[in-house]
Amino acid sequence: MANSASGMAVHDDCKLKFHELKTKRSYRFITFKIEGQQVVVDKIGSPTDSYDNFTASLPADECRYAVFDFDFTTDENCQKSKIFFIAWAPDTSKIRSKMVYASSKDRFKRELDGIQVELQATDPSEMSLDIVKGRAY
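Presented here is a report on the structure given in the accompanying data block. (Residues numbered from 1 in each chain as written. Predicted model: local features only at pLDDT ≥ 70, side-chain atom pairs only at ≥ 80, totals over all residues. Heavy atoms only, no water.)

The next thing to look at is the environment of Thr 55. By the secondary structure assignment, Thr 55 is in helix H2 (residues 51-57). A relative accessible area of 27% means that Thr 55 is categorised as partly exposed. C-alpha separation for the pair Thr 55 and Asp 12, spaced 43 residues apart in sequence, amounts to 25 Å. (Helix = DSSP H or I, 4+ residues; strand = E, 2+ residues; numbered from the N terminus. Buried < 20%, exposed > 50% of the residue type's maximum accessible area, 1.4 Å probe, protein only.)

The subject of this paragraph is helix H3 (residues 95-111). Between its first and last C-alpha atoms H3 spans 25 Å; for 17 residues at 1.5 Å apiece the expected length is 24 Å, and the two agree. Bending of H3 peaks at approximately 45 degrees at the position of Lys 105. When we look at burial in H3, the residues that qualify are Val 100, Tyr 101, Ser 104, Lys 105, Arg 107 and Phe 108. (Expected span 1.5 Å × (residues − 1). Bend = angle between axes of the 7 residues up to and from the residue.)

This part takes up the sheet that holds strand E1 (residues 9-10). The 6 strands lie next to each other as E1-E3-E2-E4-E5-E6, forming an open sheet whose pairing is mixed. In the strand order of this sheet, the two ends are held by E1 and strand E6 (117-121), each with one partner. Pairing of strand E5 (residues 79-88) with E6 involves 5 bridges; the strand directions are parallel. The residue bridging Phe 84 from the neighbouring strand is Val 117, located in E6. Contacting E1, strand E2 (29-35), strand E3 (38-45), strand E4 (64-73) and E5, helix H1 (residues 12-24) runs over the sheet at an angle of about 35 degrees to E3. (Pairing = 2+ DSSP bridges. Contact = heavy atoms within 4.5 Å. Axes fitted to C-alpha atoms, helices over the stretch in contact; angles between N-to-C directions.)

Okay, the layout of surface pockets next. Empty space within the largest pocket amounts to approximately 310 Å³. Around the largest pocket sit 18 residues that line it, and Ile 34, Arg 96, Ser 97, Val 100 and Tyr 101 are the ones nearest its centre. If you list the elements that add at least two residues to the lining of the largest pocket, you get E2 and H3. Of the residues in the lining of the largest pocket, the class split is 5 nonpolar, 7 polar and 6 charged. Estimated volume of the second largest pocket: approximately 170 Å³. Along the walls of the second largest pocket sit 13 residues, with Ala 87, Ala 89, Lys 98, Ala 102 and Gln 120 positioned nearest its centre. (1 Å grid on protein atoms, 1.4 Å probe; cavity = no way out; pocket = protein on both sides within 12 Å on 5 of 7 lines; lining within 4 Å. Points joined across faces, edges and corners; volume = space filled by probe spheres on them. Nonpolar A, V, L, I, M, F, W, Y, C, P; charged D, E, K, R; others polar.)

By themselves, these observations are geometric and do not establish any function.
So this is what it looks like as structure tokens:
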């Protein structure tokens, strides 16, 4: 179903894969791209993939949405995990693309129930592992 504000539809596969990441932990990350007038699944990372595998999967000059299941240990030695939503809009991407991704982001994020932390990044330093760790705790 398209959103009247952005005109963007969300492919059912996006919600299905996200649900599998959230409930079954079937994937470490999922990247999404806008194709035509809908958001579709771009890439999927296996549960054993690292944060570096995830960041390497993002294109250097194209926008993407992504979710990453981040595992960490608290100061009390408890194993936890948080699901991050990352809006990736590199400076080198086309202006039109940045505008479309920005205007569709909130609508798409609402489709993914269970996002715990949101990051926006225009270059890799804005979503470094240290930043992710800082936002997780």
